[in-house]
Amino acid sequence: MIISSQLTRLSLVVSMLGLTLAANARSEPVQTSADIRRTSFGVPHIRAENERGLGYGIGYAYAQDNLCLLANEITTVNGERSRYFGPDQFTVEERENLASDVFFTWLNTSHAVADFWRKQTPQVRELIEGYVAGYNRSLAERRPQGLPAQCQGEWVRDITTADLVKLTRRLLVEGGVGQFAEALAGASPPRSVTQGAEAPATFKVADARRQRFALDRGSNAVAIGSDRSFNGRGMLLANPHFPWVGGMRFYQMHLTIPGQLDVMGAALPGLPLINIGFNQHLAWTHTVDSSKHFTLYRLQLDPRDSTRYLLDGKSLPLDKQTLTVNVKQADGQVRAVTREIYSSKFGPIVQWPGKLDWDHQYAYSLRDANLDNDRVLQQWYAMNRASNLKDFQASVQQIQGIPWVNTLAADDQGQTLYMNLSVVPNVSAAKLTECTDPRVGYQMIMLDGSRSVCAWDIDPQAAQPGIVASTNLPQLLRKDFVQHSNDSAWMANPAQPLTGYSPLISQEKQPLGWRSRFALDRLGALIQAGKIGSMDLQHMVMDDQVYQAVQVMPDVLKFCEAQQGNDAEALTPVCFSLKNWDWHANLNSGLGFVHFQNVMQALGQIPQAWRVAFDPQDPLHTPRGLAIERPEVAKTLREALLASIEQVKTAGLKPDSRWGDVQVVSSGGQQTAIHGGPGELGVYNAIQSVPRSDGKREVVSGTSYLQIVTFDDKGPQAKGLLAFSLSSDPASAYSRDQTEAFSNKQLSVLPFTEQQISADPHYQVQTIRQQDEHAASVAGK
């Protein structure tokens, strides 16, 4: 942002002074305390008398378990990675440090941070201030004994409220401009001096990361209502698929303010509240939605000057913002590097070589709806406190703070709810027709930036200018079930299709993902068999069925059984492995699963591979069948089978290798075998893993916090686990324990009542007070 008036400068100084004072206003003695009661797997149950005390306990406990993780993310969102680690190293997300720093320096300006803080409710501010104090106390206690090896250095410091605001703003743009960090940082006018334009290889990685967004941050969810549940009450399966490392790694906890708040679940780093969880009367979860949260604008440039653009025939200058990033040199010295970011009235210029080129004719701006979403923390805290489904739904409708996910919920009265109420640009289908080229499609919305009529519409009923009002977004309240696995809202329940929305909100009559088809198929079978119980929901995930195999394996085996001519002998090993594979992604599933993945990756490039094409009138059963009778399909299949033999050989796998020998996660020098597999193959227990040099595959994302909640007269009955465990510190006792439980498919009861908590065999309690020099600690049963 360019500040041009003395008044604006004064306002900014006052705002920043207020933020600084807020960060330090608690230096005088206050009555702040929290009880941190840990149960099995180290799960903290944090109890305090008010929001500040609760935040204090959360920050302290989180630092005990994930000090290095949060310190690293704080460095990232402050744009300081190049200063401490050099510009050419990479973030956890495989982004070069300099590009990351430029992006976050642009995103988290002092004005934007101060403005966000100013708009928070008193309760949210208290939570954040308490979190800061608790984290800093834990850090101070750790320093004398030495910090973990992975976070020793001057970059590890006390945090401030501004740091947590910056973390929250990073979370907001994950579904939008955050996917274009390199494109924003590297944008420069044509024929100007290159300003850190990224190499093609870097953009190839960035593009792969953007395309992988819904896989790395996908989810499954099922809510069962009174008509179908075993006891006539609501049931919920929460199965988010999030990264196992970095700033999107969930943390499991239970938060209590007696008489005001009692909620358990999981939260993202730096957030003093629950994102996915349950309370006394309801349970909820989120799934990454397919809605659009940003639009691109193609700017028509002034032919006389590529830093000016034409809007309604008038030439306007692009705003230019000079950013400074401190960069560590090879000799260890730090020097300031400047970058210039250009913006139109529609947002910053992004430049993606070969995709979004800034030349003498066009440039591209990106407008992200969540940049103005300052309601997100208030939104989740209101959901945490909701005492019934009606209040829960009303809070989402009124606040509209959900950034880029759907919400599914079930309550103790047997109601289920689906809401696609995230922050979506208000662009109608009619405006799309007028302002876009229909040949481009809707994968990425590109509006005409030369006409002001193509700007987002303003609805006075919406929570912020330019977004769709909640009354115009998909919602579904039912007593049988709702489900979702990252498709559009269309088939949340086939008995009541959700149709008629702008393509930015939800697209209908499009092929369903394989996980959605699996869920609807399994739910249909369960409903036919009778009532649905909690073990049925657990088995949906833990069965590890590869649903796509049901559709194609009969044809693959038929192909193998046919005369293969000169290739018959060569194909024998791979066909043998496929024939003996159990069509699952279990640890003991055979080598056939590896071959199946290789084969389907190749067949995915053939548009006519399906014997029965997708039929929008039958989305639950199409497409299906492999058209092996078609020459190009048979040729591709044959070549893929032969190639897979070589791929398996190169990886060092043997005929008796099992999936558990291949897919692992590493921690502290130890490896744990992980079941599950690619969600695009219909594995409900979606696990993303990447190849290693030793032929194994390392898990990077997938099933993370798993929660199954039912209700009875006593309240919620929950079981689940955190697949990657509570702590990211390899030296912690809580760094691998739940991972091993997940590997063994062992879900645990989630202690919620006081009786359950105190009866836990690993119960221990620590009471912390802000003015104590040392934390008072009491362990016992």
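Anything mentioned here points back to the structure above.
Residues numbered from 1 in each chain as written. Predicted model: local features only at pLDDT ≥ 70, side-chain atom pairs only at ≥ 80, totals over all residues. Heavy atoms only, no water.

A. Quick look at the overall build of the chain. Each helix and strand counted, the chain has 22 helices and 31 strands in total. On C-alpha atoms alone, the chain measures out to a radius of gyration of 26 Å, which is about the 28 Å that the 2.2 N^0.38 rule sets for 781 residues. Principal-axis analysis of the C-alpha atoms gives the chain an extent of 80 × 75 × 55 Å. Within the span of the chain, comprising 781 residues, buried residues form 60% of the whole. Looking at the chain as shown, the accessible area adds up to about 30,700 Å², and 49% of this sits on carbon and sulfur atoms. Between the mean site of the 72 positive side-chain charges and the mean site of the 78 negative ones, the chain shows a separation of 2 Å. (Helix = DSSP H or I, 4+ residues; strand = E, 2+ residues; numbered from the N terminus. Rg over C-alpha atoms; globule rule 2.2 N^0.38 Å. Buried < 20%, exposed > 50% of the residue type's maximum accessible area, 1.4 Å probe, protein only. Areas by Shrake-Rupley, 256 points an atom, 1.4 Å probe, with all protein chains shown as cover. Lys, Arg positive; Asp, Glu negative; His and termini not counted. Charge placed at Lys NZ, Arg CZ, Asp CG, Glu CD.)

B. Layout of the nonpolar core. Among the nonpolar cores identified, the biggest contains 229 residues, and Phe392 and Phe596 are the most heavily contacted of them. By residue number, the principal contributor to this core is helix 2 (residues 51-77), which donates 14 residues. Setting aside chain neighbours within four positions, we find Phe392 in contact with Leu282, Trp284, Met383, Ala386, Thr407, Ala409, Leu417 and Met419. (Core = buried A, V, L, I, M, F, W, Y, C linked by side-chain atoms within 4.5 Å. Contact = heavy atoms within 4.5 Å.)

C. Highlighting the sheet that holds strand 14 (residues 347-348). An order of 12-13-14 is seen for the 3 strands of this open sheet, with the pairing classed as antiparallel. In this open sheet, the two edge strands, each paired with only one partner strand, are strand 12 (319-328) and strand 14. Contacting strand 12, strand 13 (334-344) and strand 14, helix 4 (residues 97-107) runs over the sheet at an angle of about 130° to strand 12. (Pairing = 2+ DSSP bridges. Axes fitted to C-alpha atoms, helices over the stretch in contact; angles between N-to-C directions.)

D. Representation of the state of the cysteines in the model. Under the definition given, this model contains 3 disulfides. In this model Cys68 forms its disulfide with Cys151; the gap between the sulfur atoms is 2.1 Å. Here Cys68 and Cys151 share a disulfide; its torsion about the S-S bond, -50°, makes the bridge left-handed. Remark: Cys151 occurs in the loop between helix 6 (122-142) and helix 7 (161-172) and Cys68 occurs in helix 2; sequence separation between them is 83 residues. One disulfide in the model links Cys560 with Cys575; its S-S distance is 2.2 Å. Note on the Cys560 and Cys575 pair: the S-S dihedral is about -75°, so by sign convention the disulfide is left-handed. Here Cys560 is found in helix 16 (residues 547-561), whereas its partner Cys575 is found in helix 17 (residues 568-580), with 15 residues between them in sequence. Of the two residues, Cys560 and Cys575, neither departs from the other in class, the shared state being buried. The connectivity of the disulfide bonds within the chain can be written as 1-2, 3-4, 5-6, using the sequence rank of each bonded cysteine. (Disulfide = S-S within 2.5 Å.)

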